[in-house]
Amino acid sequence: MKESGVTDNRETDLLASVPEGLYIAGEWRAAAGAKTLKVYDPSNGNVVKEIADASPEDGKAALDAAVEAFPAWAATPARERAEILRRAFDLLQERKEDFALLMTVEMGKPLAEARGEVAYGGEFLRWFSEETTRVQGRYGANPEGTGRMIVSQHAVGPCFLITPWNFPLAMATRKIAPALAAGCTVVIKPAELTPLTTLYFAQLLEDAGVPKGVVNVITTSTSGAVSEPIIRDPRLRKLSFTGSTPVGQKLLEQAAQGVLRTSMELGGNAPFVVFDDADLDKAVDGAMLAKFRNIGQACTAANRFIVHRSVADEFARRVTERVQGMKIGRGTEDGVQIGPLIDDRAVAKASALVTDAVERGASVQTGGKAVEGAGTFYEPTVVTDVKPGSDILREEIFGPVLAIIPFDDEDDAVRLANDTEYGLVSYVFTENLARGQRMIDKLETGMMGLNVGVVSNAAAPFGGWKMSGLGREGGAEGIHEYLQTKYTLTPNPF
């Protein structure tokens with residue numbers, strides 16, 4: 001049965017309304033050579049749309065447009081830029097059901113979660129519409145009293161934004177909104193697997209009044225070939241990427257040639273620590289959110305459940321009971337909590353990690369295998385007694401697998417939690433305030449949830465430590481990623 005109000009006809013009509021071309025200089029155009037790529041529904045493997053497949057030539061044209069539009073956009077009054085972003089927010093609220101359904105079709109997440117992403121993604125438009133007019137400098141005498149110092153903020157310039165497939169709307173708004181608020185122009189390249197949401201969003205931005213060339217969208221099946229010439233072009237001044245650490249490292253090497261400003265939101269291996277004094281009801285609720293949101297396909301997903309030995313069995317029993325009640329299916333169906341993984345490779349990875357853990361001595365409490373039939377589904381899974389050295393403790397799972405490893409004392413928990421090259425987010429459950437404060441100091445992550453299972457918020461700085469990336473998105477810090485500082489000294493007026 002379909003979710004109320006969702007019909008095949010509605011899906012068909014919505015998909016037909018999504019532009020098929022590249023969006024360059026305010027126009028929708030075919031790719032050079034008229035190349036196309038196919039977009040699939042992971043729940044059944046069906047092709048849902050065929051769209052333009054950009055070449056390096058198209059990438060250059062998009063950057064040309066951004067470069068040409070930059071001076072006028074940077075000189076546009078902040079209030080005017082703010083009002084355009086606010087109109088975009090309002091239009092997104094009007095079209096929220098369409099965006100939610102589109103994400104469910106191309107990415108697979110349950111419709112209820114897709115609606116949540118629309119709400120979350122929209123907040124970046126609203127937040128940065130408000131931040132646009134709050135960019136501040138300072139003025140004052142130098143210490144010697146011989147002159148006056150003026151410190152001002154200026155738009156970095158044309159930006160290249162590369163977004164992942166797992167949050168197609170929120171990752172686009174989280175990058176585009178602060179860039180436009182700062183006065184930058186952008187070329188955005190969505191993931192090949194989920195490009196439709198970004199194309200539909202570009203259409204919304206045009207309706208909101210974003211001038212031609214300020215936002216340009218290129219979709220491509222040859223990401224490296226298209227992206228590298230853009231990154232190496234001396235006219236580009238900023239690169240923002242969300243994706244895997246290995247790809248981020250490669251992009252940083254390319255960006256070094258032009259000494260580009262970079263923002264990198266890379267891989268994660270989030271620990272979820274449950275102490276013996278934790279409220280287990282809260283911990284289990286938090287675990288379900290931290291692990292199974294977006295079918296586990298999130299850089300913020302809890303990867304390693306580090307649970308005090310005295311409560312490990314009870315915690316495992318409770319989460320297993322909850323997981324066994326989860327409904328698997330296409331995201332548009334009533335009550336579905338686990339949709340398909342993005343592709344066959346994701347299913348194979350989840351299977352391999354669970355198999356390795358079991359071979360090393362872990363036990364599967366529920367799930368543990370791919371779902372037979374159409375689509376790329378994997379059962380929500382709980383694995384207990386995971387042994388040190390297991391691949392599942394080192395690699396980002398990106399799937400609905402909850403892996404539990406016991407610990408004995410606080411120092412042991414900290415050691416296990418920090419035993420990774422990543423440092424994006426951590427989760428800690430304890431009723432001891434002092435212990436919570438110690439964990440804030442000791443855990444090596446850029447974000448932390450203390451007795452909560454979701455930390456993302458447009459008003460907060462999102463980003464990690466160590467191999468999890470550089471820079472911050474969201475919050476008051478987010479707009480500064482797209483600004484550069486100028487210091488001017490003037491003579492003493494007296």
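Before reading on, note that the structure itself is shown above.
First things first, this report covers the structure right here in the doc.

## Thoughts on the sheet that holds strand β18 (residues 425–429)
On the basis of which strands lie adjacent, the open sheet formed by 7 strands has the order β14-β15-β16-β13-β12-β18-β19 and mixed pairing. If you trace the sheet from one side to the other, it starts and ends with β14 (363–366) and β19 (447–450), each paired once. Each adjacent strand pair in this sheet contributes to an overall mean axis angle of 25°, direction not counted. Two elements, strand β15 (residues 381–384) and strand β16 (residues 401–407), share 3 bridges in a ladder whose sense is parallel. Bridge pairing links V383 to A403 in β16. Helix-sheet contacts for helix α10 (residues 280–292) involve β12 (270–274), β13 (302–308), β15, β16 and β18, and the interaxial angle to β12 is about 170°. Contacts from helix α12 (residues 344–359) reach β14, β15 and β16 within the one sheet, and its direction differs from that of β15 by about 25°.

## With respect to the pairing of strand β10 (residues 238–242)
Burial within β10 is extensive, with 5 of its 5 residues counted as buried. What you see with β10 is no split at all: K238, S240 and T242 on one side and L239 and F241 on the other are buried throughout. Sheet topology note: the strand β7 (residues 159–162)/β10 ladder contains 4 bridges and is parallel. Of the residues in β10, the one forming a bridge with I162 is F241. Here β10 pairs with strand β11 (residues 261–265) via 5 bridges, running parallel. Bridge pairing links K238 to R261 in β11. What joins β10 to β11 is helix α9 (residues 245–256), and the crossover it makes is right-handed.

## Topic: helix α14 (residues 410–418)
Counting buried positions over the 9 residues of α14 gives 7, a clear majority of the element. All of the buried residues in α14 are E410, D412, A413, V414, L416, A417 and N418. For α14, the elements touching its buried residues are β12, β13, β16, α15 (433–442) and β20 (465–466). For α14, the N-terminal cap is D409; the gap from its side-chain oxygen to the backbone nitrogen of D411 is 3.3 Å.

Procedures and definitions
Residues numbered from 1 in each chain as written. Predicted model: local features only at pLDDT ≥ 70, side-chain atom pairs only at ≥ 80, totals over all residues. Heavy atoms only, no water. Pairing = 2+ DSSP bridges. Helix = DSSP H or I, 4+ residues; strand = E, 2+ residues; numbered from the N terminus. Axes fitted to C-alpha atoms, helices over the stretch in contact; angles between N-to-C directions. Contact = heavy atoms within 4.5 Å. Buried < 20%, exposed > 50% of the residue type's maximum accessible area, 1.4 Å probe, protein only. Right-handed = clockwise from strand over helix to strand, strands pointing away. Polar contact = N/O pair within 3.5 Å; in protein donor to acceptor, adjacent residues only side chain to side chain.

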